Amino acid sequence: MQGVRFKVISANDPDILQERLNRFVEELPEDVVLVEVCFSVGGGPSPLFAVLVHYKEVERWEG
């Protein structure tokens, strides 16, 4: 599958995770479509918040 990409973003603080996710999405080129965003929290004394971003490069549409 050509053009399919995945990115894992993680942090121990949900606010930092949100900042990282926002920065990643803002920096994506215009010819990228977000397919799915999955969220997970790992338990323990210091929880780990993680996001898996599934995105795909597409051809620019000239309408």
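Parameters at a glance
- Each residue is numbered by its place in its chain's sequence as written, counting from 1.
- Reporting in this predicted model follows two pLDDT cut-offs: at least 70 for local features of residues, and 80 or more for side-chain atom pairs to be given and counted; totals over whole chains, interfaces and linings ignore these cut-offs and use all residues.
- Excluded from the side-chain calculations are hydrogens and water; all other atoms, namely the structure's heavy atoms, are used.
- The patch calculation keeps residues exceeding 30% relative accessible area without a salt bridge and links them within 9 Å when they carry like charges or within 5 Å when they are nonpolar (Val, Leu, Ile, Met, Phe, Trp, Tyr).
- We get accessible surface area from the Shrake-Rupley algorithm with a probe of 1.4 Å; when it comes to residues, only the shown protein chains can shield them.
- Here, a salt bridge means any side-chain nitrogen of Lys or Arg that lies within 4 Å of a carboxyl oxygen of Asp or Glu.
- In this text, helices come from DSSP runs of H or I with a minimum length of four residues, and strands from runs of E with a minimum of two, each type numbered from the N-terminal end.
- The buried label goes to any residue with under 20% of its type's maximum accessible area, the exposed label to any with over 50%, and the partly exposed label to all in between, with areas taken from a 1.4 Å probe on protein chains only.
- Two rings from Phe, Tyr or Trp (for Trp, the six-membered ring) form a pair when their centres are within 6.5 Å of each other. A pair whose planes differ by under 30 degrees is stacked, one over 60 is edge-to-face, and the rest are tilted.
- The contact criterion used throughout is that any non-hydrogen atoms of two residues lie within 4.5 Å.
- Working rule for helices: expected span equals 1.5 Å times residues minus one.
- The arc in question is the one spanned by the directions pointing from the helix axis to the C-beta atoms.
- Here a polar contact means two N or O atoms within 3.5 Å. Within protein one must be a hydrogen donor candidate and the other an acceptor candidate, and residues neighboring in sequence count only if both atoms are side-chain atoms.

*Asks:* Please clarify how a nonpolar patch on the surface should be interpreted in this entry.
*Replies:* A surface patch of nonpolar side chains, amounting to about 300 Å² of accessible area, comprises Phe6, Val8 and Leu52. Looking at the element boundaries, Val8 is found in strand β1 (residues 4-11).

*Asks:* How should the pattern of salt bridges be read in this particular structure?
*Replies:* Between side chains of opposite charge, a pair can form when the charged atoms approach closely. With the rule as written, the count across this model stands at one salt bridge. In this structure, the salt-bridge partner of Arg5 is Glu57, at a minimum N-O distance of 3.7 Å. With Arg5 in strand β1 and Glu57 in strand β3 (residues 48-57), the pair connects residues that are 52 residues apart, well separated along the chain. Residue class for Arg5 comes out partly exposed when judged on its relative accessible area of 37%.

*Asks:* So what exactly am I meant to see when it comes to the packing of aromatic side chains here?
*Replies:* The description of two aromatic rings rests on the distance between their centres and on the angle between their planes. Taken as a whole and judged by the stated rule, the model has two aromatic pairs. Ring geometry for Phe24 versus Tyr55: centroids 5.5 Å apart, planes at 65°, classification edge-to-face. Taken together, the residues Phe24 in helix α1 (residues 14-26) and Tyr55 in strand β3 connect sequence positions 31 residues apart. The residues Phe24 and Tyr55 share a single accessibility class, namely buried. Ring centres of Phe39 and Phe49 lie 6.5 Å apart, and the angle between their planes is 20°; this geometry places the pair in the stacked category. With Phe39 in strand β2 (residues 32-42) and Phe49 in strand β3, this pair connects stretches of sequence that are 10 residues apart. Phe49 sits in the buried class, given a relative accessible area of 14%.

*Asks:* Is there a simple way to think about the environment of Phe49 in this case?
*Replies:* For the pair Phe49 and Asp15, spaced 34 residues apart in sequence, the C-alpha separation works out to 9.9 Å. Residues contacting Phe49, with those up to four places away along its chain left out, are Ile9, Ser10, Ala11, Asn12, Asp13, Pro14, Leu17, Phe39, Ser40 and Val41.

*Asks:* Would you explain α1 in this entry?
*Replies:* An α-helical turn contains 3.6 residues, so a residue and the one three or four places further along point in the same direction. Spanning 13 residues, α1 covers 18 Å between terminal C-alpha atoms, matching the ideal 18 Å at 1.5 Å per step. Of all the positions in α1, only Leu17, Leu21 and Phe24 are classed as buried. Down the axis of α1, the buried set is contained in an arc of 65°. They therefore lie on one face. Exposed side of α1, more than 90 degrees from the buried face: Asp15 and Glu26 are the residues found there. On its buried face, α1 sits against β1, β2 and β3. For α1, the N-terminal capping position is held by Asp13, with its side-chain oxygen 2.8 Å away from the main-chain nitrogen of Asp15.

Just geometry here; none of it tells us what the structure is for.
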